[in-house]
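A structural walkthrough
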Amino acid sequence: MKKKLVVFSGAGMSAESGIGTFRDAGGLWEQYNIEDVATPEAWKKNPDLVTDFYNQRRKQVIEAVPNSAHLLIASLEKYFVVHVVTQNIDDLHERAGSSSVLHLHGNIRLAKSSGPNQEDRYYPIEGWELTANDKCPDGFPLRPHVVWFGEQVPALNDAAKIIQEADILVVVGTSLQVYPAAGLVHLAPGNCKCYVIDPNSDEFEVPSNFIKIKANASEGMRELIQRITD
Ligand SMILES: NC(=O)c1ccc[n+]([C@@H]2O[C@H](COP(=O)([O-])OP(=O)(O)OC[C@H]3O[C@@H](n4cnc5c(N)ncnc54)[C@H](O)[C@@H]3O)[C@@H](O)[C@H]2O)c1
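One structure accompanies this document, and this report is about it. No experiment lies behind these values; they were computed from the predicted model shown.

A few words on the overall build of the protein. Per the secondary structure count, the protein includes 8 helices and 9 strands. For a compact globule of 230 residues, the expected C-alpha radius of gyration is about 17 Å, and the protein comes in at 18 Å, within 12% of that figure. A principal-axis box enclosing the C-alpha atoms of the protein has dimensions of 55 × 35 × 30 Å. Within the span of the protein, comprising 230 residues, buried residues form 50% of the whole. Taking as baseline every contact in the protein between residues at least 6 positions apart, the subset at least 24 positions apart corresponds to 63%. Put simply, the protein shows about 11,500 Å² of open surface, and 48% of that area lies on carbon and sulfur atoms. Of the charged side chains in the protein, 22 are positive and 30 negative, and the gap between their average positions amounts to 4 Å.

What follows is the structure, encoded as structure tokens:
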């Protein structure tokens, strides 16, 4: 029987595809205030600004292509049952061919209704642009399908179940600062082999049972594959 391998990815996973991380030098939060663009209050106050911020992110995602780390993760399905749990809102894991991808913080290619009780209805966005005039079939304005700061993370329980059943857990490109998502890495079972791939993993707290591979995502994935397939 194939072992279960879970990849838990963050912004660093897509850095080699040209999509900026949030916290690195030159990252997005140096250019924007979280409160202005990534909270429900911001969207209520200035929907045009927030919609445009995510339009720019979506444009960048559409123009980007999966990097070799995304492709290597998809290729592991030959040897393992692979589940990807990602904090990323881009769709590069899917476009690389991964068949099981759970987005904790949403998917920028989708919109959702801002109306009441419509949380789980998603609408694909044609192209890169959503406008403040776009409405759901019930007439409520559409907003990007992104979990903003201060909002619930609806996929958290599903992600916890996936990680609790992992034989191998590979954490890639996340500074483990955004909770509750970051807490998931503590749920791996005792016999699970845990790895973290991140060039800066000495700069944040990683559980002591994790093996550190201090490298970029693609180089780190190559090293990991050598270790787990030997
Ligand atoms: N691509 C995206 O969808 C995207 C981009 C930026 C931010 N975000 C969101 O921002 C939040 C920020 O948390 P986070 O922990 O994911 O990001 P983060 O910016 O806090 O941390 C990024 C981590 O990636 C590492 N890193 C940088 N370049 C790397 C590379 N080439 N290979 C491997 N690792 C690399 C950094 O050392 C850092 O630890 C997440 O919730 C995510 O939803 C998403």
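The strand order across the open sheet built from 3 strands is S5-S4-S6, with neighbouring strands paired in antiparallel fashion. Each of the sheet's edge strands pairs with one partner strand only, and the pair in question is strand S5 (122–124) and strand S6 (142–146). Adjacent strand axes in the sheet meet at a mean angle of 50 degrees, parallel and antiparallel pairs treated alike. Strand direction decides the pairing type here: strand S4 (residues 106–113) and S6, joined by 4 bridges, are antiparallel. Note on S6: the bridge partner recorded for Gly-106 is Val-146.

Let's shift gears to the site of the ligand. The environment of the ligand is made up of 28 residues, and the closest members are Gln-87, Asp-90, His-105, Ser-175 and Asp-198. Here a nitrogen atom of the ligand sits 3.3 Å away from a polar atom, N or O, in the main chain of Gly-12. At 2.7 Å from an oxygen atom of the ligand is found a side-chain nitrogen or oxygen belonging to Asn-200. In isolation the ligand exposes 850 Å². Once the protein is present, 94% of that is buried. Residue composition of the shell around the ligand, by class: 10 nonpolar, 13 polar and 5 charged. Among the domains, domain 1 (1–18 + 66–105 + 154–230) and domain 2 (20–63 + 110–146) are the pair contributing at least three residues each to the shell around the ligand.

This next bit is on the sheet that holds strand S3 (residues 101–103). Spatially, the 6 strands line up as an open sheet ordered S3-S2-S1-S7-S8-S9, and their pairing is parallel. With one partner strand each, in any of the chains shown, S3 and strand S9 (210–213) form the two edges of the open sheet. In this sheet, adjacent strand axes meet at a mean angle of 20 degrees when their direction is disregarded. Direction of pairing for strand S8 (residues 193–197) relative to S9: parallel, over a ladder of 4 bridges. Each bridged residue has a counterpart across the sheet, and for Ile-197 the counterpart in S9 is Ile-213.

Conventions used here
The numbers attached to residues start from 1 for each chain and follow its sequence in the written order. For a predicted model such as this one, the threshold for reporting local features is a pLDDT of at least 70, and the threshold for listing and counting side-chain atom pairs is 80 or more; totals across whole chains, interfaces and linings nevertheless cover every residue. In computing side-chain properties, one takes all heavy atoms of the structure into account and sets aside hydrogens as well as water. Helix and strand definitions follow DSSP, with helices as H or I runs of at least four residues and strands as E runs of at least two, each counted in order from the N terminus. Based on C-alpha atoms, the radius of gyration is set beside the globule rule, defined as 2.2 Å times the residue count to the power 0.38. Think of it in three bands: residues with accessible area under 20% of the maximum for their type are buried, residues over 50% are exposed, and the middle band is partly exposed, with areas taken using a 1.4 Å probe on protein chains only. Two residues qualify as a contact provided that any one of their heavy atoms is within 4.5 Å of a heavy atom in the partner residue. Shrake-Rupley sampling with a 1.4 Å probe provides the accessible areas, and residues are treated as covered by the protein chains on show and by no other component. Here the positive residues are Lys and Arg and the negative ones are Asp and Glu; neither His nor the chain ends is included. For the purpose of locating charges, the reference atoms are NZ of Lys, CZ of Arg, CG of Asp and CD of Glu. When DSSP locates at least two bridges between a pair of strands, those strands are taken to pair. All axes are obtained by fitting lines to C-alpha atoms, using only the stretch in contact for helices, and the reported angles, taken between N-to-C directions, cover 0 to 180 degrees. What makes a residue near a molecule or strand is one non-hydrogen atom of that residue sitting within 4 Å of it. What qualifies as a polar contact is a pair of N or O atoms within 3.5 Å, subject to a donor-acceptor requirement within protein and to the restriction that residues adjacent in sequence count only when both atoms come from side chains. Each residue receives one of three labels: charged for Asp, Glu, Lys and Arg, nonpolar for Ala, Val, Leu, Ile, Met, Phe, Trp, Tyr, Cys and Pro, and polar for the others, Gly being one of them. Domain start and stop points were drawn from an automatic or database domain assignment.

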